[in-house]
Amino acid sequence: MEHGLKIGEFAVSWLQGGEFEIDGGSMFGVVPKVLWERKCASTPDNHVRLANSAMLVQTAQGNVLIDTGLGNKLTAKQKAIFRVRREWDIPAGLARLGLSREAISHVILTHGDFDHAGGVTMQNETGGLELTFPAAMHHIQRQEWEDVLAPNKRSADAYWPENFVGLAEGKNLRLIDGEEEILPGVRVVRTDGHTRGHQAVWLESGGEIALQLGDLLPMPAYSNPLWITAYDNFPLNSIAAKEQFLGQATRADAWLLFYHDPEILACKFDGDGAIREVFCAE
Ligand SMILES: [Zn+2]
């Protein structure tokens, strides 16, 4: 289902990028389960349910997609391993909003992990691979792209080459160095942390502000800067970035937008990281 939140003149919709389950320990790292289970439901065998909500941002200057979900290329074995509970359904979700895949003008990738970049390419009816959003410029940090092409031993597991087939710099791929405004009011900033080239997205329109912090803040449960996933490759950088960005967001009264929470799509925090306003899935 698509759900809309207005940020000034922008309309933000959460699209069905697939849902899966992941081990709770790997999601919460050093945080003991007695603490995280108060904030995040888990299955009897210790897994947590994760959405992969690609966010469509409709602006007067273009339609921006932030991350792309799991895609439709997972094998039956991969679906079993990752416990896929709901299928990626972004083209149909766009169609329900009256948009084609070609109507997406910009794709922003917070980072290259398969659960975020899986929908960059898709398998078509004839079994071939094609870019899901053929008219879009894809924006990724240069550092992230270099790591996708030459991953370290940890990140190799999550950067899948088939998710990047067809991207060529200058044609449909733009490599960002640090910070850049993609469209008026849509700005990306490198955060580091989860991956070296991980980036966040600020939205600003009509005096309202929203921040998509990617996997530095996958769900509201992570409002404490020290709560980071065990997947974060550079944990101290994650903590520093979270302190900085969450501080900025709170002072700006910004909405935080969540990619992985199946229920809470966005919220505002008070100064102590408690939720004071919330926007939920229907
Ligand atoms: Zn993720």
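Look up a bit, the structure's there.
Residues numbered from 1 in each chain as written. Predicted model: local features only at pLDDT ≥ 70, side-chain atom pairs only at ≥ 80, totals over all residues. Heavy atoms only, no water.

J.: I tried to follow the sheet that holds strand β3 (residues 17-23) on my own but got confused; where do I start?
T.: If you walk across this open sheet you meet the three strands as β4-β3-β7, and the pairing is antiparallel. Of all the strands in the sheet, the pair left with one neighbour each is β4 (47-51) and β7 (86-88). Each adjacent strand pair in this sheet contributes to an overall mean axis angle of 35°, direction not counted. Direction of pairing for β3 relative to β4: antiparallel, over a ladder of five bridges. Of the residues in β4, the one forming a bridge with F20 is L50. (Pairing = 2+ DSSP bridges. Helix = DSSP H or I, 4+ residues; strand = E, 2+ residues; numbered from the N terminus. Axes fitted to C-alpha atoms, helices over the stretch in contact; angles between N-to-C directions.)

J.: I would appreciate a short explanation of the coordination of the zinc ion in the present structure.
T.: As a benchmark, a tetrahedral metal site with four donors has ideal angles of 109.5 degrees, while an octahedral site with six donors has ideal angles of 90 or 180 degrees. In this structure, D115 (OD), H116 (NE2), D215 (OD), D215 (OD) and H260 (NE2) serve as the protein donors to the zinc ion, at separations of 2.1 to 2.8 Å. The sequence motif formed by the donor residues of the zinc ion is D-H-x98-D-x44-H. Of this pair, D115 sits in helix α5 (residues 114-117) while D215 sits in the loop between β16 (208-212) and α7 (235-251); the two residues are 100 residues apart in sequence, bridging distant segments of the chain. Residue D115 is classed as buried on the basis of its relative accessible area of 8%. A relative accessible area of 7% means that D215 is categorised as buried. (Donors = N, O, S within 2.8 Å, 3.2 Å for Na, K, Ca; no water. Buried < 20%, exposed > 50% of the residue type's maximum accessible area, 1.4 Å probe, protein only.)

J.: Could you clarify how one ought to interpret the sheet that holds strand β17 (residues 255-257) in this entry?
T.: In any sheet, the strands associate via hydrogen bonds between backbone groups, in a parallel or an antiparallel arrangement. Spatially, seven strands are ordered β13-β14-β15-β16-β17-β18-β19 in an open sheet, and the strand pairing comes out mixed. What marks the edges here is a single partner per strand, and that holds for β13 (179-183) and β19 (275-280). Within the sheet, the average angular offset between the axes of one strand and its neighbour, ignoring direction, is 25°. Its contacts with the sheet place α7 against β14 (186-190), β15 (199-205), β16, β17 and β18 (264-269), and it is angled at close to 10° to β15. (Contact = heavy atoms within 4.5 Å.)

J.: Is there a simple way to explain α7 in this structure?
T.: Since there are 3.6 residues in each turn of an α-helix, residues three or four apart along the chain are aligned in direction. With 17 residues, α7 ought to run about 24 Å at 1.5 Å a step, and its terminal C-alpha atoms sit 24 Å apart, in line with that. Of all the residues in α7, the buried ones are S238, I239, A241, K242, F245, L246, G247 and A249. Phi turns positive, to about 60°, at D253, one or two residues after α7. (Expected span 1.5 Å × (residues − 1).)

J.: For this particular structure, what's the right way to read the pattern of salt bridges?
T.: Once their charged atoms are close, side chains differing in charge can pair, the charge on each being opposite to the other. Summed over all chains, the structure comprises 19 salt bridges. A salt bridge links R85 to E19, with the shortest nitrogen-to-oxygen separation between them at 3.7 Å. Of the two residues, R85 sits in the loop between α3 (76-81) and β7 while E19 sits in strand β3, which places them 66 residues apart along the sequence. A single network of salt bridges, built from pairs that share partners, joins E19, E21, D45, R49, R83, R85, R86 and E263. (Salt bridge = Lys/Arg side-chain N within 4 Å of Asp/Glu carboxyl O.)

J.: What's the story with the layout of surface pockets in this structure? I'm lost.
T.: It is a probe the size of a water molecule, rolled over the atoms, that shows where empty space is left. Roughly 390 Å³ of internal volume is contained in the largest pocket. Together, 20 residues line the largest pocket, and I22, D113, F114, A158 and Y231 are the ones closest to its centre. When contributions to the lining of the largest pocket are tallied by element, the ones reaching two or more residues are β3 and α5. Tallied by class, the residues present in the lining of the largest pocket amount to nine nonpolar, six polar and five charged. Looking at the second largest pocket, its volume works out to about 340 Å³. Forming the walls of the second largest pocket are 21 residues, and the residues nearest its centre are K39, C40, A41, M219 and D261. For the lining of the second largest pocket, the secondary-structure elements that each account for two or more residues are β4 and β18. Sorting elements by how many residues they give to the lining of the second largest pocket places β4 first, with three residues. (1 Å grid on protein atoms, 1.4 Å probe; cavity = no way out; pocket = protein on both sides within 12 Å on 5 of 7 lines; lining within 4 Å. Points joined across faces, edges and corners; volume = space filled by probe spheres on them. Nonpolar A, V, L, I, M, F, W, Y, C, P; charged D, E, K, R; others polar.)

J.: It is not clear to me how the packing of aromatic side chains should be interpreted in this structure. Could you clarify?
T.: Both the distance between ring centres and the angle between the ring planes are used here to describe each pair of aromatic rings. Applying the stated rule across the entire model yields eleven aromatic pairs. Measuring from ring centre to ring centre gives 6.5 Å for F20 and F82, while their planes differ by 50°; the resulting arrangement is tilted. In this pair, F20 is assigned in strand β3 and F82 in the loop between α3 and β7, connecting sequence segments 62 residues apart. The exposure class assigned to F20 is buried, which follows from its relative accessible area of 1%. Between F28 and Y222 the ring centres are 4.8 Å apart and the planes differ by 10°, which places this aromatic pair in the stacked class. Residue F28 is found in helix α1 (residues 24-28), and its partner Y222 is found in the loop between β16 and α7; the two are separated by 194 residues along the sequence. Owing to a relative accessible area of 0%, Y222 belongs among the buried residues under this scheme. Members of the aromatic cluster, each reached through a chain of ring pairs, are F20, F82, F114 and W160. (Phe/Tyr/Trp six-rings, centres within 6.5 Å; stacked < 30°, edge-to-face > 60°.)

J.: How should I be thinking about the side chain of T229 in this particular structure?
T.: Its location among the elements puts T229 in the loop between β16 and α7. At 3.1 Å, the side chain of T229 forms a polar contact with the backbone nitrogen of Y231. Side-chain polar atoms of T229 contact the side chain of D232, separated by 2.5 Å. With residues up to four places along the chain from it excluded, the contact list for T229 reads S26, M27, H194, D215 and Y222. (Polar contact = N/O pair within 3.5 Å; in protein donor to acceptor, adjacent residues only side chain to side chain.)

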